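Read off the chains here:
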Amino acid sequence: MPMGFPAAGFESGLRYVAEPGDVFVCTYPKCGTTWMQYIVYLLLHDGRPLAPGAPLDLAFPHLEEVGREVVAALARPRLIKTHLTRALTPFAAGARYIYVARNPFDCVVSFYHHTRGFPQHYDFANGTFADFFECFVSGEVDFGDYFEHLLSWSALVDAPNVFFVTYEDMQADAHAVIVAVARFLGEKAESAARNEAVLASILDAVSFKRMAEDQRRWSSARPKDQPPFVRKGAVGDWQTSMTPSQARRLLAAFDERTVGTFAAQLWPEIIAAVRRYSS
Ligand code: PPS
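So, here is what we can say about the structure in this document. Keep in mind that this is a model prediction, so the values were computed, not measured. (Residues numbered from 1 in each chain as written. Predicted model: local features only at pLDDT ≥ 70, side-chain atom pairs only at ≥ 80, totals over all residues. Heavy atoms only, no water.)

**Concerning the overall build of the protein**
Each helix and strand in the protein was counted, giving 16 helices and 4 strands. The C-alpha atoms of the protein give a radius of gyration of 18 Å, which matches the 19 Å a tight globule of 279 residues would have. In terms of principal-axis extent, the alpha carbons of the protein reach across some 50 × 35 × 35 Å. The 279 residues of the protein split such that 52% are buried. (Helix = DSSP H or I, 4+ residues; strand = E, 2+ residues; numbered from the N terminus. Rg over C-alpha atoms; globule rule 2.2 N^0.38 Å. Buried < 20%, exposed > 50% of the residue type's maximum accessible area, 1.4 Å probe, protein only.)

So this is what it looks like as structure tokens:
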């Protein structure tokens, strides 16, 4: 857990009892959580944006940060963010779970910038990518091992109350993902997505450009010399930070950990590019 998160929030959050109607956005850190949260928020609020500067996490809190009392006090449907593995996440058949996966190569780069940029959570302001990479491959980062998390949720890809999508799918066709999420969320969201003007306004509000304009909605302040929270929003950024040897090691971990699972097939083009780069 990040240092700035109270242990009591974590302990209490684990004891939250999920209810029918709850909507969880479940991710490993830096995999598109905030982007998906805002899509869900807008679909369930007729596309009406948050007021400028109004923080998203009041309406859509992070379960293991704030604890169960804060979540239980939310208006229904409760909108809940979590970075917990499936085994730790409060689960109910009538609750909905949206899982966003991101390829580990871009995830580690994004996570590195995140970790440097929150001195209140990490003693890592001067850390190097090489240092962070070692922490990441050994699972010694917030919320533990990337692969354990991914595999815990990808095992549920066919569950009726789980919607599994990738950050890369969202980048490739945000429109299609928003419509599919609306279908998953049910009538209120579907009717918002059926209205062309509302759908267009949601697409605009969740574009990288718009979300980058209002950083305080998504995150506490970061030091001036660090990139903002909504940072680059790219697929393939890994090549700018990772040496061929690092890429080879993370690829070996990907191959070993995902073999024979649904997750092994998730990013064929990226995996092929990493193989070329690292060979
Ligand atoms: S956190 O801290 O775990 O909740 O972070 P999370 O929101 O999961 O991930 C942050 C990354 O998502 C990118 N992002 C976006 N990409 C494209 N479009 C939109 N609208 C968008 N909003 C956030 C954000 O820039 C982080 O990725 P990187 O690679 O660092 O840019």
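**Some remarks on the packing of aromatic side chains**
Throughout the structure, instances matching the rule amount to 26 aromatic pairs. Residues Tyr38 and Trp218 carry aromatic rings whose centres are separated by 4.9 Å and whose planes lie at 65° to one another, so their mutual orientation is edge-to-face. Here the residue Tyr38 occupies a position in helix H2 (residues 33–43), and Trp218 occupies one in the loop between helix H13 (208–213) and helix H14 (238–241), the gap between them amounting to 180 residues. There is no split in this pair, since Tyr38 and Trp218 are both buried. (Phe/Tyr/Trp six-rings, centres within 6.5 Å; stacked < 30°, edge-to-face > 60°.)

**Description of the site of the ligand**
Surveying the vicinity of the ligand reveals 23 residues, the closest of which are Thr33, Thr34, Ser110, Lys232 and Gly233. Here Cys31 contributes a backbone N or O atom positioned 3.1 Å from an oxygen atom of the ligand. One nitrogen or oxygen atom from the side chain of Lys81 is found 3.2 Å from an oxygen atom belonging to the ligand. Contact with the protein chains covers 98% of the free accessible surface of the ligand, which is 640 Å². In this structure, the ligand is accommodated by the largest pocket. For the shell around the ligand, the secondary-structure elements that each account for two or more residues are H2, helix H6 (104–116), helix H9 (167–172) and H13. It is H2 that provides the largest number of residues to the shell around the ligand, a total of 3 residues. (Near = heavy atom within 4 Å. Polar contact = N/O pair within 3.5 Å; in protein donor to acceptor, adjacent residues only side chain to side chain. Areas by Shrake-Rupley, 256 points an atom, 1.4 Å probe, with all protein chains shown as cover. 1 Å grid on protein atoms, 1.4 Å probe; cavity = no way out; pocket = protein on both sides within 12 Å on 5 of 7 lines; lining within 4 Å. Sits in = over half its atoms within 2 Å of the grid points.)

**With respect to the pairing of strand E1 (residues 23–27)**
Buried residues dominate E1, accounting for 5 of its 5 residues. Along E1, one buried face is formed by Val23, Val25 and Thr27 and the opposite face, lined by Phe24 and Cys26, is buried too. In terms of strand pairing, E1 meets strand E2 (residues 79–82) through 4 bridges, oriented parallel. Within E2, the residue paired with Phe24 across the bridge is Ile80. Pairing geometry for E1 and strand E3 (residues 96–101), over 5 bridges, is parallel. (Pairing = 2+ DSSP bridges.)

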